Amino acid sequence: MSPWHWRACECSHLQSIENVHQPKGLTAIVVFVIRATFFVLGIEAVIRAGAVVSLPIERIPIITTLALAATAPQLRATYPRAVIGGHLIALSLTLFCHVWLIPAVIVAAMALVAMQVTATVHPPAALTPFLLAAHPDLGQPVVLPLFFGCLVAVIVSGLLRRV
């Protein structure tokens with residue numbers, strides 16, 4: 001069996017939103033309010049981490065990760081391996097390829113392929129090359145708030161999987 005076939009089989013059992021029990025009625029409203037509250041608290045924590053290095057929230061590629069963690073915590077893309085690994089791959093490739101002036105779209109594609117190969121697929125991490133291409137002065141300062149945001153997203157999704 002080829003390694004690509006193994007990866008395809010491994011991914012065939014991943015959860016989708018349709019396969020997970022969704023709350024209904026008043027329970028759904030309570031669950032959605034709890035999720036939205038965790039999203040807001042997560043964003044606030046990342047804003048404070050960004051303030052430490054004088055970096056505004058719109059320059060930290062973590063908002064979509066927090067949104068995914070708060071709204072669909074049951075997806076594999078919100079598990080620690082995917083969140084941390086996906087952002088680590090995307091940021092590493094972005095910083096490396098920035099030196100060689102490789103376009104952001106190529107870096108994002110490379111990051112998605114690397115995430116597939118390492119089984120750390122986290123689609124929101126593919127935004128990192130575009131954000132850093134739009135703001136080339138970021139580089140080093142984005143690391144602290146980005147990985148703090150990853151930690152917050154992992155905690156949020158872990159807590160919400162139990163709700």
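The sections below set out a description of the structure shown in this document.

Parameters and conventions
- Residues numbered from 1 in each chain as written.
- Predicted model: local features only at pLDDT ≥ 70, side-chain atom pairs only at ≥ 80, totals over all residues.
- Heavy atoms only, no water.
- Helix = DSSP H or I, 4+ residues; strand = E, 2+ residues; numbered from the N terminus.
- Expected span 1.5 Å × (residues − 1).
- Buried < 20%, exposed > 50% of the residue type's maximum accessible area, 1.4 Å probe, protein only.
- Contact = heavy atoms within 4.5 Å.
- Phe/Tyr/Trp six-rings, centres within 6.5 Å; stacked < 30°, edge-to-face > 60°.
- Lys NZ or Arg CZ within 6 Å of the ring centre and 35° of its normal.
- Axes fitted to C-alpha atoms, helices over the stretch in contact; angles between N-to-C directions.
- Parallel < 35°, antiparallel > 145°, perpendicular 65-115°, else oblique.
- Polar contact = N/O pair within 3.5 Å; in protein donor to acceptor, adjacent residues only side chain to side chain.
- Core = buried A, V, L, I, M, F, W, Y, C linked by side-chain atoms within 4.5 Å.

Moving on, we come to helix H7 (residues 143-160). Relative to the 26 Å expected for 18 residues at 1.5 Å per residue, H7 spans 25 Å between its end C-alpha atoms, a close match to the ideal helical length. When H7 is considered as a whole, its buried residues turn out to be Pro145, Leu146, Gly149, Cys150, Val152, Ala153, Val154, Val156, Ser157, Gly158 and Leu160. At its buried positions, H7 is contacted by helix H2 (25-52), helix H3 (63-71) and helix H4 (80-99).

Looking now at the environment of Leu55. Of note, Leu55 is situated in the loop between H2 and H3. With a relative accessible area of 9%, Leu55 lands in the buried category. As for Leu55 and Val142, which are separated by 87 residues in sequence, their C-alpha atoms are 7.4 Å apart.

Turning next to the packing of aromatic side chains. Within this structure, the stated rule accounts for zero aromatic pairs. One cation-aromatic arrangement involves Arg76 over Tyr79; the distance from NZ or CZ to the ring centre is 5.3 Å. Across from the ring centre of Tyr79, 4.1 Å away, lies the NZ or CZ of Arg161, which sits over that ring.

Here we take up the packing of H3 against H7. Orientation of H3 relative to H7, taken along the N-to-C sense of each, is 10°, at an axis distance of 8 Å. Regarding the angle of H3 to H7, the classification is roughly parallel. Side by side, H3 and H7 meet where Thr65, Leu66, Ala69 and Ala70 of the first sit next to Gly149, Val152, Ala153, Val156, Ser157 and Leu160 of the second.

This part is about the environment of Thr118. In this fold, Thr118 is placed in helix H5 (residues 104-118). As for Thr118 and Arg81, which are separated by 37 residues in sequence, their C-alpha atoms are 9.9 Å apart. Aside from chain neighbours lying at most four places away, what touches Thr118 is Arg81 and Ile89. A distance of 2.7 Å separates the side chain of Thr118 from the side chain of Thr120, its partner in a polar contact.

This part covers the side chain of Thr120. The residue Thr120 is located in the loop between H5 and helix H6 (128-134) in this model. Residues contacting Thr120, with those up to four places away along its chain left out, are Arg81, Ala82, Gly85, Gly86, Ile89 and Met115.

Residues Val46, Ile60, Ile62, Leu66 and Val156 are the most contacted members of the largest nonpolar core, which totals 20 residues. Broken down by secondary-structure element, the contributors of at least two residues to this core are H2, H3, H4 and H7. A total of seven residues in this core trace back to one element, the largest contributor, which is H7. Discounting chain neighbours no more than four positions away, the residues touching Ile60 are Val46, Gly50, Leu55, Leu131, Val142, Pro145 and Leu146. Of all hydrophobic cores here, the second largest spans eight residues; its members include Ile89, Ala90, Val107 and Met115.

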